[in-house]
Number of protein chains: 2
Amino acid sequence: MKKLLCTLAISSLTFITSVTAQEFTPKQIEQVSEIRANALNSNLAFDILSSLTTEVGPRLPGTKNDAIAVQWAQDKFKELGYDKVWIEPATFPSWRRYSESGAIITPSAQSLHLTALGGSVSTPKEGITAEVIQFETLDELIAAPKNIAKDKIVFINYKMNRHIDGNGYGPATRARRTGAIEAAKKGALGFMMRSVSTSHHRFAHTGASQYKDGIKQIVKVAIPNPDADQISRLTALNKTVKVNIKVQTEDLGEGKSFNVIGQINGTQNPEQYVLIGGHLDSWDLGTGALDDGAGVALTMAAAKFIADVKRPKRSVRVVLFAAEELGLWGAKAYAKAHAKDKHNIIAAAESDFGADFIYGFQSNVEAASLPVVREIAKQLSPLNIEFIGANKASNGPDLIPLRKLGGLAGFALHTDGTDYFDYHHTADDTLDKVDPKKIQQNAAAYAVFAFMAADADTTIKGKIINLLVLRD
Amino acid sequence: MKKLLCTLAISSLTFITSVTAQEFTPKQIEQVSEIRANALNSNLAFDILSSLTTEVGPRLPGTKNDAIAVQWAQDKFKELGYDKVWIEPATFPSWRRYSESGAIITPSAQSLHLTALGGSVSTPKEGITAEVIQFETLDELIAAPKNIAKDKIVFINYKMNRHIDGNGYGPATRARRTGAIEAAKKGALGFMMRSVSTSHHRFAHTGASQYKDGIKQIVKVAIPNPDADQISRLTALNKTVKVNIKVQTEDLGEGKSFNVIGQINGTQNPEQYVLIGGHLDSWDLGTGALDDGAGVALTMAAAKFIADVKRPKRSVRVVLFAAEELGLWGAKAYAKAHAKDKHNIIAAAESDFGADFIYGFQSNVEAASLPVVREIAKQLSPLNIEFIGANKASNGPDLIPLRKLGGLAGFALHTDGTDYFDYHHTADDTLDKVDPKKIQQNAAAYAVFAFMAADADTTIKGKIINLLVLRD
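Residues numbered from 1 in each chain as written. Chains lettered and ligands numbered in written order. Predicted model: local features only at pLDDT ≥ 70, side-chain atom pairs only at ≥ 80, totals over all residues. Heavy atoms only, no water.

**Q** How would you summarise the overall build of chain A if you had to cite specific residues and measurements?
**A** Of regular secondary structure, chain A possesses twelve helices and 14 strands. Its C-alpha atoms give chain A a radius of gyration of 23 Å, within 12% of the compact-globule value 23 Å for 472 residues. Seen through its C-alpha atoms, chain A measures out along the principal axes to roughly 70 × 45 × 40 Å. A burial count over chain A gives 63% of its 472 residues as buried. Pairs at least 24 residues apart make up 84% of the contacts formed inside chain A by residues separated by at least 6 positions. Element-wise, carbon and sulfur atoms account for 53% of the exposed surface of chain A, whose accessible area totals about 16,900 Å². Of the side chains in chain A, 53 bear a positive and 51 a negative charge, and the two mean positions are spaced by 3 Å. (Helix = DSSP H or I, 4+ residues; strand = E, 2+ residues; numbered from the N terminus. Rg over C-alpha atoms; globule rule 2.2 N^0.38 Å. Buried < 20%, exposed > 50% of the residue type's maximum accessible area, 1.4 Å probe, protein only. Contact = heavy atoms within 4.5 Å. Areas by Shrake-Rupley, 256 points an atom, 1.4 Å probe, with all protein chains shown as cover. Lys, Arg positive; Asp, Glu negative; His and termini not counted. Charge placed at Lys NZ, Arg CZ, Asp CG, Glu CD.)

Rendered as C-alpha cells:
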C-alpha cells in the first residue's frame, strides 16, 4: 500500500511537467494535479463514511434510519460548503425484516445462519419445518417435474464465482430474483438458496427478489456458503435433511424517501453539470459501508476537493440516490424529474462497487468527445488507472434510468471487485472493510474526472443509442 | 502448499538413508517413514472430521448432539479397527443457550451480533436496555469507583492481539472469566465485552466464565470486533449509547457425558501407553471443526496409521475428552479414574489448537528420556517441524489434571495459531476452515510421535515436578 502511494506521488510530480494537454491549458492541468494531490493526502472520504456508518448505521429505505440519513446528508453537504443542497422525493414498495432464524432439524440439530431475501413474506411464528430438496441450478429446478417439491423446501446450491469485475454476480442473482416463483410452481413450501456471495464466512446475502401474480408467495431465504456446503454434504450422504425456517417481515405498502443532492456551481454554464454520486440507502443487515456508503462518501469528498481548488466552468452535482436496493426507485424518480433537462448532464459516473482500488477508466460518449476523454485518462494514469478505449462503458445502476432516456455521456471508473462479494448485502458490510488508503485513490479519481469534465472547453456529449446492463 | 509437500516427500526419502538411530533400529526407522508417508498421502483425518462436523455438528456437553457424538466416536473407533473401545463417565454443570440478540438503540438503531458467554443467566424476554459505560481493560473497571456502573451495561473494549502461539488469548480471557463479577460489584445491569477474537468479521466469541457467590449474577455477552469498534467510535463522539441485550439460557444442573477411548494394543507392554487425543465436545455456535474436531480426527487417524504398519511395543491410546469447554470436566474425570495407574502413561500430547501446520516439537520429560526425544524430533523434521530443546513443554488443556498428579511425560506439537482465534468459539468454526493438506501434516506428526514413543526401547519418563499453564 505504502509502496503504491509513493509511486503515485512521484508519478504525479513527473506528470505535471511532462504533460502536453490539448483540451486543457497548463494552468488547468496544474489545478488537476493539485486536486489529485490534495485528495490523496486527505482522510475526508473515510471520515464522511465513518460518520455515516457510525452515526446513522443501516439505512433500509423508509426506516427511521433512512430519514436520519437524508438529514445527515443535507447537513454534511452544507458543512462541506456546497453551493446548493436540496432533496427530491421518491417512492418505493416499503418492506421490513423483523426477525429471522433457521436450523437443520434432521439428521442432527445445527443452526442455519439464514437471511430473508428482500420482500419475503413471513412464516408462521413457529416457522416452517420441511424436508429439503436440492437443485444445483435454477434451470434444473425449472426443468423438474411439476409436483417434485410438494410440501418441501427447495434449495438451490448454485455457487457464485469470484472475479475482478464481479461477472459472477449476474448469473447468481437469477435464482435470487425468481427462485421462489419457480419453487412455488413445483409445490414448495419455502425457497432457500446458497447466498450470492464469495465469502467463506457464515454471512447470508440478502437482495431484491420477486413474486409473481397468481403464483403462491412462499418464504425465501439465503444461507451462507458454509451452511450450503453442510446441506449439500448431508444430501450427498443420502441423508434426509429437514430444516426449520422462521422469518418475520412486513410489507408496508408505499414508502417515501428522498434523493439528496449537493452542487458545486459552475462559473460559466452552471445549468450544465457533471453528475457523480452513489446511493444513500443500504440493506438493513450491515451498516452499508461498501454498499454504498463508500460511493456516497467518496463522491461527496471529490466535489469538495474540486471546490477547494477552483469552481469549474460547469457545475459538479453529487446525487445520493434513494431506495436503490429495492429497485432503483430514487434513480427512476430522478430520471423522471429531469427528463426535460437531461441535456444538461454533460457526463455521469456512479460509484457503487465498494472502495477497492480503481483500475480502469472507460467512457461511453460520441466520437467528438473522445479527445477530452483521453485527456482525462492521462490525468487518471498517475493513480494507476488504465484507460480502456472501447468507449462502451456501462454505468452504476442508478444511471440506468437516465441512460434509458437516451444520449447520456456515461463513464465507468472500474473498481476492483475481487473481494466485493465477500461483504455485499451481508451483515459483514461494515466500516472496517474499507481501506482508508484505497478510498483516497477513489476520491482522487472521481475528483479528477469530474473537474476535467466540468472544466473542459469542449462539452462532452453522449451517444444517441446506448445498450443497457443491469446491476444493483 | 504443493511446494511444501514436495519438499516433505523428498526430505523423507533422503532421511531414510542418512539417519543413524541410536534408540531405534533401522527397521523401526523404516516403519516410521512408512507411517509418515502413508499419513501424508491419506485423507482419513479430514474425512473423519467431515463426518463428525457434518453428521453430528455442534456438540455442547449434555445435549442430544453430545450423546450422538459419543456414539459416533465409538462407532468410528471400531470402524477404524481399534483393538479396544470404551467409554468413561464425566459430569459437569450443564447449560443451554436458547436464543440471543442485541441492538444499539441510541443514537440510531443498529444490530449487535452478540453471543452469551458460557453460563450466562437470561435477561427478561424483552431484554435489558441501558446506557453503555466503556472501560478499556478489566483493571480499569476494577479500579473505578463503587457505583460507577449503576443501572448501566459495562463494556470492556480490550482487544486481543494476534500471535503464532496464541499468547494474546490468556490476557484477553481475564475479562471473560471475571468481568461480569466485577461489573456487578460496580452496580451494572449487564456485562458486555469485545470478543476474545482476532477476527474482523461479525462473529462473537463465547467461552467459559464465572459468577461468584454473594455477587449478583448479571447477563454477560461478547460482541464481535466490528461491533466493538462501532460502540467505541460512538462513545469517542461523546454520544450516549444505549443497547438492548436479549438472552435466553438455562442452567440445567449436573449433566453427564463420556470420555470416549480407543486403543491400539501394544505387543510387549500393553498396559503402558502413549496418550494422544483431543476433546469431543464443542461450543454450540459453530460445528467445532477447529475446536476441537480437528484434534479428535487427526489423533484418531494417527493411531490407525500406526496400526496399519505395526503394533508398537506399548499401546497407543486415543482419549476423546468430554466437556472440555465447560471446564475440563472429562479430563478431571479421567485423571481421577486413572490416578492409580498414571505411571502407565509413558508419554502424552493433546491436539487442541486447530489444524494449521505444526511448526515445533517440545518435550517435558526427565533428562534420561532426552535421547529418545531427540530421535523422535529427527523423524518429525521432514515434516518441517523444528525441535525446541527447552524441555519445558506445556500441554493441551485436557492434560492439565493429569499433570497435576505429577510425573507426566508431556509433549507439545506446536500448531501455528496465527489464525486460530479468527474462528475459535464462534459460529464461524466450520469444516471449510480446515485445510485438508495441513491436517495431513498434523496427523503424520502425531503418528510419528506416538509410534516412536510407544515403540522405543527406553521407556520415557516425566519430571517429578511440573509447572502448569492453563488454556481451554
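**Q** An account of the relation of the copies chain B and chain A is needed here, citing residue identities and associated values.
**A** Note on the copies: chain B fits chain A at an RMSD of 0.0 Å, the axial shift is 0.0 Å, and the rotation between them is 180°. This pairing of chains is accounted for by a two-fold axis. Residues of chain B ranked by C-alpha distance from the rotation axis are headed by His201(B), positioned 4.0 Å from it. Both copies contact each other with a shared surface, as 100% of the interface residues of chain B are interface residues in chain A too. (Least-squares fit on C-alpha atoms with pLDDT ≥ 70 in both.)

**Q** Before we move on, could you go through the nonpolar core and cite the residues and values that matter?
**A** Core analysis: the largest hydrophobic core is formed by 103 residues, its most contacted members being Val154(A), Leu280(A), Met300(A), Phe361(A), Phe411(A) and Phe449(A). In terms of residue count, helix H8 (residues 289-309) of chain A provides more of this core than any other element does, 14 residues in total. The next biggest cluster of nonpolar side chains, apart from the first, holds 102 residues, and it includes Ala183(B), Ala294(B), Ile358(B) and Val372(B). (Core = buried A, V, L, I, M, F, W, Y, C linked by side-chain atoms within 4.5 Å.)

**Q** With reference to specific residues and values, describe the pattern of salt bridges.
**A** According to the stated counting rule, one finds 37 salt bridges over all chains in the structure shown. The partner of Arg311(A) in a salt bridge is Asp83(A), and the shortest N-O contact between them spans 2.8 Å. Taken together, the positions of Arg311(A) in the loop between H8 and strand E10 (314-321) and Asp83(A) in the loop between helix H4 (64-79) and strand E1 (84-106) put the pair 228 residues apart, joining distant regions of the chain. Among the residues examined, Arg311(A) registers a relative accessible area of 29% and is labelled partly exposed. Between Asp229(B) and Arg194(B) there is a salt bridge, with the nearest N and O atoms lying 3.0 Å from each other. Taken together, the positions of Asp229(B) in helix H7 (residues 225-236) and Arg194(B) in strand E6 (residues 190-194) put the pair 35 residues apart, joining distant regions of the chain. (Salt bridge = Lys/Arg side-chain N within 4 Å of Asp/Glu carboxyl O.)

**Q** Tell me about the interface of chain B and chain A, and name the residues and values.
**A** The interface of chain B with chain A comprises 35 residues on the first partner and 35 residues on the second. Of the roughly 2,500 Å² buried at the junction of chain B and chain A (both faces included), carbon and sulfur atoms supply 52%. The interface formed by chain B and chain A contains two salt bridges. Where the side of chain B that touches chain A is concerned, the elements lending two or more residues are helix H3 (44-56), helix H4 (64-79), strand E2 (110-112) and H7 of chain B. (Buried area = accessible area lost by both parts, 1.4 Å probe.)

**Q** Please set out the environment of Gly417(B) residue by residue, giving values where relevant.
**A** All names here are of chain B. When you line up the elements, Gly417 lands in the loop between strand E14 (410-415) and helix H12 (436-455). Residues Gly417 and Ile164, 253 residues apart in the sequence, show an inter-C-alpha distance of 4.7 Å. Look past the residues within four positions of Gly417 in its chain and what remains in contact with it is His163, Ile164 and Phe353.

**Q** I'd like a description of the side chain of Glu325(B), backed by residues and values.
**A** Looking at the element boundaries, Glu325(B) is found in the loop between strand E10 (314-321) and helix H9 (329-337). At 3.0 Å, the side chain of Glu325(B) and the side chain of Trp283(B) are in polar contact. (Polar contact = N/O pair within 3.5 Å; in protein donor to acceptor, adjacent residues only side chain to side chain.)

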